[in-house]
Amino acid sequence: MVKLFIANSGILIAGFYLISKFLPYTIHKQSPLHMRLLAGAFCGLLSLVLMFFSIPLEHGVIADLRHIPLVIISYYGGMPSALAAGMMMGAGRFLFGNVSASITSFFISLIIAIGCGLMSRSLKQHLLMTTFWMNVYSMCFISLALFINVRDPDIYIETLFVLWPISIVSTYIAAHICKDIRQSKHLLQHYKTWATTDFLTGLYNVRQFHTLLHENMAQVKKKNGCLSLILFDIDRFKSINDLYGHDGGDIILRELGELVRSITPKHGLAFRNGGEEFSFLLPSCEQGAFQFAEQLRTTIEHHPFLLQKQTVHITISIGISIFPTLAANEADLFKQADIALYEAKKQGRNRTVMYKKEYLHET
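Computed from a prediction, not measured in an experiment: that's the story for all the values here.

Enquirer: With reference to specific residues and values, describe the state of the cysteines.
Expert: Covalently bonding the sulfur atom of one cysteine to the sulfur atom of another cysteine gives a disulfide. As enumerated under the stated definition, the model contains 1 disulfide in all. Disulfide pairing places C226 opposite C285 at an S-S distance of 2.1 Å. Because the sign of the S-S torsion sets the handedness, a value of about 85° for the bond joining C226 and C285 places this disulfide among the right-handed ones. Residue C226 is located in the loop between α7 (206-223) and β3 (227-234), and its partner C285 is located in the loop between β5 (277-282) and α9 (286-302); the two are separated by 59 residues in the primary sequence. Taking relative accessible area as the criterion, C285 reaches 35% and is therefore assigned partly exposed.

What follows is the structure, given as structure tokens:
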């Protein structure tokens, strides 16, 4: 019996690892309801698998560790996850015969689910302590169910003698493994964000700019559409750094990043290319790109930035190029937008300039 329970523990641990692969995000009590229900359903399926590898006792009565997935997901997902797991766990028991034991198991599963869901709200303790008490609560009702269905007292006592310690140890190990899996997923997501996002503004960084430029060019070619590149930088940004220091300049850049995100169109992409230079990729042609660029320029021009208890206003200069009407490839698109940006500076700053061929000769 001990070996069978230990095998049940191995299936339990492998199951949590597989569930973590199916769920794209870590589950917590602020997760969307459908994600919490889905996580509970996955844990209910794991309980069902554990029943397939259960320990037969007598007359169709079985013992296993099916309650542990419910305990763990209740801690993270709260009542919705607990109920989803409990319903699947209770209903799944009917697949294994013995209607009387199945009915008892169904109601015990619901009681355990409701109790664990309530405990996840009320207990504000550490993961291991909370899941320990959830497990004790669950095992009390499981012991009651076994008492009702197991007629042989020797088998009943032997089962409890093995089941209780293995359940406690398995819950402890499962909680630790789930904690490690969650931390690993969190760090992986953090590293992905670092690799693609500018740390100061929260916009995409220059590495992601080149990746997404290539992808969007390929999509535009398939759809025979337009892709506009809007380059802009802050006028006389050096004077801001000289007057307010680099910390003041960082405040401007950070708040500008928030402002840019707030006005980025649904299908647009915003980047910080480096220093005070930013860019947009928009699936639009000349008129749409120019209108958005002017909206961007005027919005930034009238936005008050607060530095050292002083209101500061900044302006930007913008250069635009369009694929395929002006540029034939990625390199030309960026080069032309950069030339148009230089022309905007040359014409007096705080303006939007669409690339023209004559600008290339002037440059």
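Enquirer: Tell me about the nonpolar core, residues and numbers included.
Expert: F5, F16, I72 and L146 are the most contacted members of the largest nonpolar core, which totals 48 residues. For this core, the secondary-structure elements that each account for two or more residues are α1 (2-22), α2 (33-52), β2 (62-63), α3 (67-92), α4 (99-122), α5 (127-149) and α6 (153-196). For this core, the leading source of residues is α3, giving 9 residues. Setting aside its immediate chain neighbours within four residues, I72 contacts F16, T131, T171, A174, A175 and C178. Judged by nonpolar contacts, the second largest core, of 33 residues, contains F232, L256, F292 and F305.

Enquirer: Lay out the pattern of salt bridges in plain terms, naming residues and giving numbers.
Expert: Using the criterion set out here, one finds 7 salt bridges in the structure. Residues D235 and K345 are paired through a salt bridge, measuring 2.8 Å at the closest nitrogen-oxygen approach. Here K345 lies in helix α10 (residues 330-346) and D235 lies in the loop between β3 and α8 (237-263), a separation of 110 residues in the sequence. Taking the shortest distance from any N to any O, the salt bridge between D242 and K238 comes out at 3.0 Å. Taken together, the positions of D242 and K238, both in helix α8 and 4 residues apart, correspond to about one turn of that helix. Taken as a pair, D242 and K238 share a single burial class, namely exposed. Linked through salt bridges whose partners overlap, the residues forming this network are D233, D235 and K345.

About the criteria used
- Residues numbered from 1 in each chain as written.
- Predicted model: local features only at pLDDT ≥ 70, side-chain atom pairs only at ≥ 80, totals over all residues.
- Heavy atoms only, no water.
- Disulfide = S-S within 2.5 Å.
- Helix = DSSP H or I, 4+ residues; strand = E, 2+ residues; numbered from the N terminus.
- Buried < 20%, exposed > 50% of the residue type's maximum accessible area, 1.4 Å probe, protein only.
- Core = buried A, V, L, I, M, F, W, Y, C linked by side-chain atoms within 4.5 Å.
- Contact = heavy atoms within 4.5 Å.
- Salt bridge = Lys/Arg side-chain N within 4 Å of Asp/Glu carboxyl O.

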